[in-house]
Amino acid sequence: MLGAGLDTFSLRNPHAGQGVRVFEVDYPATQTWKRERLKQAGLAVPASLTFAPVDFERQSLAEGLQAAGFQADRPAFFQWLGVVPYLTREAVSLTLDFIAGVPESGVVFDYAEPFENYPDDRRADVMTIAARAASRGEPWLSLFDPAELSKMLRNKGFGIVEDLGMAGIAERFYGALKQGIVIGPGAHIVRAQKAR
Ligand SMILES: C[S@@+](CC[C@H](N)C(=O)[O-])C[C@H]1O[C@@H](n2cnc3c(N)ncnc32)[C@H](O)[C@@H]1O
């Protein structure tokens, strides 16, 4: 789990019994804080969970994971949610290169489209949201055009690329709530998988 934040999947890992291990990667300071919060809440760290402190902008993911005992020659699935927009393109590309090097690997992540992709009546609102995020110290550093990103993923060796835009996300995940969803450019969720 890349940029795991306060996600608690690792505490509920239903596949631990079959030997599925979870590695949580995050900013060292954020991870330390999470571990303290777990302790305060009386939540034990399961044996299937390993923490790997890494700053994607300054450290190599390969080295950080290796130091934590991750075996990059074994199949792995990477969850990378709510992180890509906050990283530079270089960090995103290097992380995808590492994932592509892991056999039978797959990754799911979300991203947002560049401002120029939005129709005039929505662009100003999106730019206001981005400016608000930047003023909190969390600027959006990487925005991707869907066609460009798909090409980049395929060039890196991901044979299967499934990209859900707003319509696809609403259809698959929102159920009865999808009525109010604005369809058009915006957030995307991508699954990229190496072919076996
Ligand atoms: C919006 S949170 C998402 C958390 C979690 N994945 C979720 O979906 O609930 C963004 C996460 O990315 C991490 N992050 C952002 N930039 C990072 C970087 N350069 N290196 C490591 N982690 C980073 C933050 O520490 C935070 O945990």
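Scroll up a little and you will see the structure.
All of these numbers come straight from a predicted model, not from anything done at the bench. (Residues numbered from 1 in each chain as written. Predicted model: local features only at pLDDT ≥ 70, side-chain atom pairs only at ≥ 80, totals over all residues.)

1. Some thoughts on the overall build of the chain
The following threshold applies: Each helix corresponds to a stretch of at least 4 residues labelled H or I by DSSP, and each strand to a stretch of at least 2 residues labelled E; elements are numbered beginning at the N terminus. What the globule rule says is 2.2 Å times the number of residues to the power 0.38, and the radius of gyration is computed from C-alpha atoms. Labels follow a simple rule on C-beta atoms placed from the backbone: if 20 or more others lie within 10 Å of a residue's own, it is buried; if 12 or fewer, it is exposed; otherwise it is partly exposed.
When helices and strands are tallied, the chain shows seven helices and six strands. The globule rule puts the C-alpha radius of gyration for 196 residues at 16 Å, and the 18 Å found for the chain is close to it. Dimensions of the chain, computed from the C-alpha atoms along their principal axes, are close to 50 × 40 × 40 Å. Taken across its 196 residues, the chain has 19% of its residues classed as buried.

2. A look at the site of the ligand
Quick reminder of the rule: Nearness between a residue and a molecule or strand is assessed with a C-beta atom placed from the backbone; a distance within 6 Å qualifies. Charged residues are taken to be Asp, Glu, Lys and Arg, nonpolar residues to be Ala, Val, Leu, Ile, Met, Phe, Trp, Tyr, Cys and Pro, and polar residues to be all remaining types, Gly included.
In the vicinity of the ligand, 16 residues are found, and the nearest of them are Gly-3, Gly-5, Thr-30, Leu-81 and Gly-82. By residue class, the composition of the shell around the ligand is eight nonpolar, four polar and four charged.

3. Here we look at helix 2 (residues 28-40)
We apply this condition: Given a helix with a known number of residues, its expected span is that number minus one, times 1.5 Å.
The first and last C-alpha atoms of helix 2 sit 18 Å apart over 13 residues, in line with the 18 Å expected at 1.5 Å per residue. Note on helix 2: the residue one or two positions beyond its end, Gly-42, has a positive phi of about 70 degrees.

4. So, the nonpolar core
Rule in force here: In this usage, the nonpolar core is the set of buried Ala, Val, Leu, Ile, Met, Phe, Trp, Tyr and Cys residues whose C-beta atoms join them within 7 Å. Contact definition: two residues whose C-beta atoms, as placed from backbone geometry, lie within 7 Å.
Judged by nonpolar contacts, the single largest core of 29 residues is most densely connected at Leu-2, Val-25, Trp-80, Val-84, Val-107, Phe-109 and Tyr-111. Contributions of two or more residues to this core are made by strand 1 (22-26), helix 3 (61-67), strand 3 (77-80), helix 4 (89-100), strand 4 (106-112), helix 6 (146-155) and strand 6 (187-193). Contacts of Val-107, omitting those with residues within four sequence positions, involve Phe-78, Trp-80, Ile-99 and Ala-192.

5. A word on the sheet that holds strand 3
For clarity, the cut-off: When DSSP finds at least two bridges between two strands, those strands are taken to pair. Axes here refer to lines fitted to C-alpha atoms; in helices the fit is confined to the stretch in contact. Angles between the N-to-C directions go from 0 to 180 degrees.
Pairing in this open sheet of four strands is mixed, and the strands run 3-4-6-5 from one edge to the other. Either end of the sheet is taken by a strand with one partner, and the two such strands are strand 3 and strand 5 (160-164). Across the sheet, the mean angle separating the axes of adjacent strands is 15 degrees when strand polarity is ignored. Pairing geometry for strand 5 and strand 6, over five bridges, is antiparallel.

6. Description of the pairing of strand 3
Only one face of strand 3 is covered, namely the face carrying Phe-78 and Trp-80; the face carrying Phe-77 and Gln-79 is uncovered. Of the strand pairs in this sheet, strand 3 and strand 4 are connected by four bridges, and their pairing is parallel. From the neighbouring strand, Trp-80 faces strand 4, where its bridge partner is Phe-109.

7. Overview of the environment of Glu-138
Tracing the sequence through the fold places Glu-138 in the loop between helix 5 (120-135) and helix 6. Expressed as a C-alpha distance, the spacing of Glu-138 and Asp-97, which sit 41 residues apart in the sequence, is 24 Å. With residues up to four places along the chain from it excluded, the contact list for Glu-138 reads Tyr-86 and Ala-133.

8. With respect to unusual backbone geometry
In this structure, Glu-104 is a non-glycine residue whose phi angle is positive, near 55 degrees. Following the sequence through the fold, Glu-104 ends up in the loop between helix 4 and strand 4. For Glu-104, a count of 12 C-beta atoms within 10 Å translates into the label exposed.

9. With respect to the environment of Phe-144
Topologically, Phe-144 is positioned in the loop between helix 5 and helix 6. Under the C-beta neighbour-count criterion, Phe-144 is labelled buried, with 21 such atoms within 10 Å. When the C-alpha atoms of Phe-144 and Asn-117 are compared, they prove to be 9.8 Å apart, with 27 residues separating the residues in sequence. Phe-144 has contacts with Tyr-111, Glu-113 and Leu-149, leaving out every residue within four places of it along the chain.

10. Details of the pairing of strand 4
Test applied: By convention a crossover is right-handed if, when the strands point away from the viewer, the path from the first strand over the helix to the second runs clockwise.
Of the two faces of strand 4, the one lined by Val-107, Phe-109 and Tyr-111 is fully buried and the one lined by Gly-106, Val-108, Asp-110 and Ala-112 carries no buried residue. Since strand 3 and strand 4 lie parallel, the crossover through helix 4 that links them has a hand, and here it is right-handed. Alignment of strand 4 against strand 6, held across seven bridges, turns out to be antiparallel. Looking at the pairing, Tyr-111 lines up with His-188 of strand 6.

Purely geometric stuff here, so don't read any function into it on its own.
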